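Chain by chain, the residues run as shown.
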Amino acid sequence: MKLWVDGALRDEADARFSVLDHGLTVGDGVFETVKAVRGETFALTLHLERLTRSARGLGLPDPDHDEIRRACAAVLEANPMELGRLRITYTGGVSPLGSERGDARPGLVVALGATGRRPDSTAVITVPWTRNERGALVGLKTTSYAENVVALARARAAGASEALFPNTRDRLCEGTGSNVFVVLDGRIHTPPVSSGCLAGITRALAVEWTGAEETDLPMDVLEQADEIFLTSTLRDVQAVHRVDGRELPGAPGPVTAKAMRVFEERAAADADPRL
Ligand code: PLP
């Protein structure tokens, strides 16, 4: 595997990243996962824009979009694969232990992993832990992901692929790495960004392309919804067939199936959509 580290394409074995990088020691970093189909990225511009928003939220200098575009192209060319996930990581850079970040030069890594096509439907659980919609990191895609790792482990142990969080007001928020949509009386709803969820790129495109409404939703909407689906870069639109103990037979239901179709068609027609 070849990846981009410190300004150049390198063999993984020769790629060096300091153990004193602030991203590693305190999670002071931001990232993006970008889907790549046969060497072509999807929605790279929207991902770069969010990377910049996240970096600014942490007080990091703006990432160099031109370098990242070159890095993505070089990594994709060096590692041909059918369906890949590009991981762009941008960190606080090397700082002495225990210190603030100081004026360290940020670190940039662009790596690529293969990924499979997601199944059409999946099981999810809810977790008792909350997303803090008033937290300092809300809306930022940072490398401080341990909370999601813990929740995802609980989901896996329950035979599910995703865990859904309430926020501190017990309203529906999001999954560990996905946004959530529900269908009520034929209409599609998703929690607003003010719920504390990440402004998912797939979420935004799905809202635009399906006319979904942003609605503040109670957690028990998951017991009443006719259909539920998730969105994320690697899932696209994916139906939910079980939430906790509740089965949703026939998932994807008609509204979700249509959303999946619309998303697939629109994404195939434009690899770099803007909002
Ligand atoms: N919410 C969280 C916490 C995420 O980490 C992600 C993506 O990784 C999403 C939602 C979905 O966002 P996107 O559609 O941009 O992949």
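Residues numbered from 1 in each chain as written. Predicted model: local features only at pLDDT ≥ 70, side-chain atom pairs only at ≥ 80, totals over all residues. Heavy atoms only, no water.

A. Representation of the sheet that holds strand E3 (residues 29-37) within the structure. Read across the sheet, 6 strands follow the order E2-E1-E6-E5-E3-E4 without closing on themselves; strand pairing throughout is antiparallel. Strands at the two margins of the open sheet, each flanked by one partner only, are strand E2 (8-11) and strand E4 (40-41). Note that E3 and E4 share 2 bridges and pair antiparallel. Paired with Ala36 across the bridge in E4 is Thr41. (Pairing = 2+ DSSP bridges. Helix = DSSP H or I, 4+ residues; strand = E, 2+ residues; numbered from the N terminus.)

B. Structural context of helix H2 (residues 44-58). For H2, which comprises 15 residues, the first-to-last C-alpha distance of 21 Å matches the rise-based estimate of 21 Å (1.5 Å per residue) to within 8%. Among the residues making up H2, those that are buried are Leu44, Thr45, Leu46, His47, Leu48, Arg50, Leu51, Thr52, Ser54 and Ala55. At its buried positions, H2 is contacted by E3, E4, helix H3 (65-78), strand E5 (83-91) and helix H5 (201-210). Looking one or two residues past H2, Gly59 carries a phi angle of roughly 80°, positive in sign. (Expected span 1.5 Å × (residues − 1). Buried < 20%, exposed > 50% of the residue type's maximum accessible area, 1.4 Å probe, protein only. Contact = heavy atoms within 4.5 Å.)

C. Region of the structure containing the packing of H2 against H3. With their axes 11 Å apart at the nearest point, H2 and H3 run at an angle of 135° to one another. In terms of orientation, H2 lies oblique with respect to H3. For H2 against H3, the interelement crossing comes out right-handed. The residues of H3 that touch H2, namely those facing Leu44, Thr45, Leu48, Glu49, Leu51 and Thr52, are His65, Ile68, Arg69 and Cys72. Looking at the contact of H2 with H3, its residues break down into 5 nonpolar, 3 polar and 2 charged. (Axes fitted to C-alpha atoms, helices over the stretch in contact; angles between N-to-C directions. Parallel < 35°, antiparallel > 145°, perpendicular 65-115°, else oblique. Left-handed = near helix turned anticlockwise from the far one by under 90°. Nonpolar A, V, L, I, M, F, W, Y, C, P; charged D, E, K, R; others polar.)

D. Structural context of the site of the ligand. Around the ligand, the structure places 16 residues, and the nearest of them are Lys141, Tyr145, Glu174, Thr202 and Thr233. Between an oxygen atom of the ligand and a side-chain N or O atom of Lys141, the distance comes to 2.6 Å. For the ligand, whose unbound accessible area comes to 390 Å², protein coverage reaches 93%. Secondary-structure elements contributing two or more residues to the shell around the ligand are strand E9 (172-175) and H5. Counted by class, the shell around the ligand contains 3 nonpolar, 9 polar and 4 charged residues. (Near = heavy atom within 4 Å. Polar contact = N/O pair within 3.5 Å; in protein donor to acceptor, adjacent residues only side chain to side chain. Areas by Shrake-Rupley, 256 points an atom, 1.4 Å probe, with all protein chains shown as cover.)

E. Highlighting H3. Given a rise of 1.5 Å per residue, 14 residues ought to cover 20 Å, and the 20 Å separating the end C-alpha atoms of H3 matches this to within 8%. All buried positions along H3 are accounted for by Glu67, Ile68, Ala71, Cys72, Ala74, Val75 and Leu76. Between the side-chain oxygen of the N-cap and the backbone nitrogen of Asp66 there are 3.0 Å, and the N-cap of H3 in question is Asp64.

F. Layout of a nonpolar patch on the surface. On the surface, Val19, Leu20, Leu24, Val94 and Leu97 cluster together into a nonpolar patch covering about 510 Å² of accessible area. With respect to the element layout, Val94 can be found in the loop between E5 and strand E6 (107-114). (Patch = residues over 30% accessible without salt bridge, like charges linked within 9 Å, V, L, I, M, F, W, Y side chains within 5 Å. Salt bridge = Lys/Arg side-chain N within 4 Å of Asp/Glu carboxyl O.)

G. Looking closely at the pairing of E9. As defined by bridge partners, strand E8 (residues 162-166) adjoins E9 across 3 bridges and the pair is classed as antiparallel. Residue pairing in the sheet places Phe165 in a bridge with Glu174 of E9. Count of turn residues in the E8/E9 antiparallel hairpin: 5 residues, of which Asp170 carries a positive phi of about 65°.

H. Examining the environment of Glu67 more closely. With respect to the secondary-structure elements, Glu67 resides in helix H3. Along the chain, Glu67 and Arg156 lie 89 residues apart, while their C-alpha atoms are 37 Å from each other.

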